[in-house]
Amino acid sequence: MTTALIGQLIEALRCLPGVGPKSAQRMAYHLLERDRPGARQLAAILSESAEKVGHCKRCRTLSEKELCDICASQKRNPQLLCVVESPIDVQAILQATDYQGLFFVLMGHISPLDGIGPEDIGLDELAKRLDEGEVNEVILATNPTVEGEATAHYIAEMVNRRKIKATRIAHGVPMGGELEFVNSSTLSHAFSGRQAL
Amino acid sequence: MNRQHPHKHISLQPSYILHTRPYRDSSLLLEIFCRDHGRIGLVARGARSSKPRFAGLLQPFIPILLSWHGQGELATLRSAEPGGPAPLLAGDRLYSAFYLNELLLRLLQRADPHTRLFDAYITVLSALAESKKEEESLRHFEQVLLQEIGYGLILDHDVETGEAIDTRLQYTYILDRGPVLWQKNTQQGIIIQGKTLQAIAANHYPDSETRRQAKHLMRSALAVHLGGRPLKSRELYRKQRFL
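## Let's talk about the interface of chain A and chain B
Thought 1: Facing 29 residues of chain A, the contacting portion of chain B comprises 28 residues.
Thought 2: Between chain A and chain B lies a buried interface of about 2400 Å² when both sides are counted; carbon and sulfur atoms form 64% of it.
Thought 3: Three residues, L113, V146 and Y154 of chain A, lead the burial of chain A against chain B; their summed loss comes to 27% of the area buried on that side.
Thought 4: Counting every contact that joins chain A to chain B gives one salt bridge.

Okay, structure coming up:
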């Protein structure tokens, strides 16, 4: 039997992606039956994060400080700027590569059919950043979707007009995969982007 | 069973995705344009999970074969298979391709078949990918689109006199009627050469002047049906010039 409060907890947990009524119920009962300290800590950190986390004023990623750790770091190369769609992409690149430059997070992509234009993804801030003159290569790491491509193209024009080098991450066949199972558009991109050995 | 919406199974239908939108936790809502049924709305369940179904195929501008079942407004996607080589659209061509999809979404009713328009869509996508005859195929697509929604342009005769268009003369195209011979004090309509009208009809543009006039006429003719809202994809073009 669920009381009103437990019911509310279950309902609240459902705001998480991929959590349906059944898993929300399991989570709620787990927290209440077996892990009260965990529940208290979760509640405290959640409310603190929701209160304090904002956007880094330089790269727009999520951060509780005015300047995120990456932008504040003295060790990174400020001449390289990698443009990504979301904060989670920053993590993915940091974990997978030895990239030493800085980031700019669009928090979205251009999508004319959804009414999202260049002004909605912070490109005026990016323009200012480029005009400061420190950046000499912009790496476009937006998603390989049509919207991501259109966004990359739009930004590349912006970058090239300032006589700065713009590069795009390569599209290709995933490592460990088999050609037979690669979808046709990926394969066609991989084919047209082939490199001399 | 509901008579107006019989339970339908459609199998391997040549289609293109016009637009996708996230739906619930892990699904996508698709607007598709397919050969035999026109514009259709579909739900693709599990298309956004960590192991997505239909991986990579539910993207605009890629020819795909879709199978679905269901009744009423929104059917459920069962399978998606590649339908041929994907045209490689780069740069400004992507904006033009978005423009096509935006036109189709704004102007087509759901579940009206438009086979000719489907063919014109395939042609214009491959023209954009190969950067060959792009303008011709864009104009042709717009012309077929207008015809298919029931507002085709009149290109062969003067609507006032009924006489055939003379390529040496100048006309005024009045949008809700058609071309009439140009007269000095005409206020309304779009000034257009007889040779441009013929060029549109033949889909062959001999010079930049006819191309420019044809583009202007199409833009005005489409604007009537788009209402007050401008096309977002066209704004992208315009903004890029002032970066």
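## Describing the nonpolar core
Residues and elements named next belong to chain B.
Thought 1: Core analysis: the largest hydrophobic core is formed by 86 residues, its most contacted members being Y121 and F141.
Thought 2: The element that contributes the greatest number of residues to this core is helix α1 (residues 92-107), accounting for ten residues.
Thought 3: Excluding its chain neighbours within four sequence positions, the residues that come into contact with Y121 are Y16, L18, F33, F61, L100, N101, L104 and F141.
Thought 4: Residues I10, L28, C34 and L58 belong to the second largest nonpolar core, which totals 21 residues.

## Quick look at the packing of α1 of chain B against helix α2 (residues 115-130) of chain B
Residues and elements named next belong to chain B.
Thought 1: Running from amino to carboxyl end, α1 crosses α2 at an angle of 165°, the nearest separation of the two axes being 10 Å. Between α1 and α2, the interaxial angle falls into the category roughly antiparallel. Crossing handedness for the pair α1 and α2: left-handed. Contacts between α1 and α2 involve R93, S96, A97, L100, N101 and L104 from the former and L117, Y121, V124, L125 and L128 from the latter.

## A short note on unusual backbone geometry
Thought 1: A positive phi angle, close to 70°, is found at R60 of chain A, a residue other than glycine.
Thought 2: Inspection of the secondary structure puts R60 of chain A in the loop between β1 (54-55) and β2 (62-63).
Thought 3: The phi torsion at F61 of chain B lies on the positive side, around 70°, for a residue other than glycine.
Thought 4: Secondary-structure assignment places F61 of chain B in the loop between β3 (38-44) and β4 (64-70).
Thought 5: In this structure F61 of chain B comes out as buried when scored by relative accessible area, which is 2%.

## Side note on the sheet that holds β3 of chain B
Residues and elements named next belong to chain B.
Thought 1: Around the barrel, five strands lie side by side as β1-β2-β3-β5-β4; this closed barrel has mixed pairing. Shown here is a sheet whose adjacent strand axes are inclined to one another by a mean of 55°, direction ignored.
Thought 2: Taken together, the six bridges between strand β1 (residues 8-23) and β4 define a ladder with antiparallel strand orientation. Following the sheet pairing, H9 is matched in β4 by H69.

## Observations regarding the packing of helix α6 (residues 123-131) of chain A against helix α7 (residues 146-161) of chain A
Residue and element names in this part refer to chain A.
Thought 1: Two numbers describe how α6 lies on α7: the axes approach to 11 Å, and their chain directions differ by 30°. Of the possible angle classes, the one that applies to α6 and α7 is roughly parallel. The element α6 and its partner α7 pack so that their crossing is right-handed. Contacts between α6 and α7 pair L123, L126, A127 and L130 from the former with Y154, I155, M158 and V159 from the latter.
Thought 2: A per-class count over the contact of α6 with α7 returns eight nonpolar, no polar and no charged.

## Points about the pattern of salt bridges
Thought 1: One pass over the full model with this rule turns up 23 salt bridges over all chains.
Thought 2: The partner of K65 of chain A in a salt bridge is D69 of chain A, and the shortest N-O contact between them spans 2.5 Å.
Thought 3: Through salt bridges with shared partners, a single ionic network connects E119 of chain A together with K232, E235 and K239 of chain B.

## Description of the side chain of T151 of chain A
All names here are of chain A.
Thought 1: Among the secondary structure elements, T151 is positioned in helix α7.
Thought 2: Residue classification places T151 among the buried positions, given a relative accessible area of 0%.
Thought 3: Excluding residues that lie within four positions of it along the chain, T151 makes contacts with L106, H109, I110, I121 and T142.

## A word on the packing of aromatic side chains
All names here are of chain B.
Thought 1: Under the definition given, this model contains eight aromatic pairs over all chains.
Thought 2: When the centroid spacing of 5.7 Å and the interplanar angle of 90° are considered together, the rings of Y95 and Y237 count as edge-to-face. In this pair, Y95 is assigned in helix α1 and Y237 in helix α6 (residues 232-240), connecting sequence segments 142 residues apart.
Thought 3: According to the relative accessible area criterion, Y95 is buried, its value standing at 0%.
Thought 4: Among the aromatic side chains, those forming a connected cluster through ring pairs are Y16, F33, F118, Y121 and F141.

## A few points about helix α1 (residues 4-13) of chain A
Given 3.6 residues per helical turn, the α-helix brings residues three or four places apart onto the same face.
All names here are of chain A.
Thought 1: Those residues of α1 lying buried are I6, I10 and L13. Down the axis, α1 shows its buried residues gathered within 65° of arc, on one side only. In α1, those exposed residues whose orientation departs by more than 90 degrees from the buried face are A4, L5, Q8 and E11.
Thought 2: For α1, the elements touching its buried residues are α2 (21-33).

Analysis parameters
Residues numbered from 1 in each chain as written. Chains lettered and ligands numbered in written order. Predicted model: local features only at pLDDT ≥ 70, side-chain atom pairs only at ≥ 80, totals over all residues. Heavy atoms only, no water. Contact = heavy atoms within 4.5 Å. Buried area = accessible area lost by both parts, 1.4 Å probe. Salt bridge = Lys/Arg side-chain N within 4 Å of Asp/Glu carboxyl O. Core = buried A, V, L, I, M, F, W, Y, C linked by side-chain atoms within 4.5 Å. Buried < 20%, exposed > 50% of the residue type's maximum accessible area, 1.4 Å probe, protein only. Helix = DSSP H or I, 4+ residues; strand = E, 2+ residues; numbered from the N terminus. Axes fitted to C-alpha atoms, helices over the stretch in contact; angles between N-to-C directions. Parallel < 35°, antiparallel > 145°, perpendicular 65-115°, else oblique. Left-handed = near helix turned anticlockwise from the far one by under 90°. Pairing = 2+ DSSP bridges. Nonpolar A, V, L, I, M, F, W, Y, C, P; charged D, E, K, R; others polar. Phe/Tyr/Trp six-rings, centres within 6.5 Å; stacked < 30°, edge-to-face > 60°. Arc of directions from axis to C-beta.

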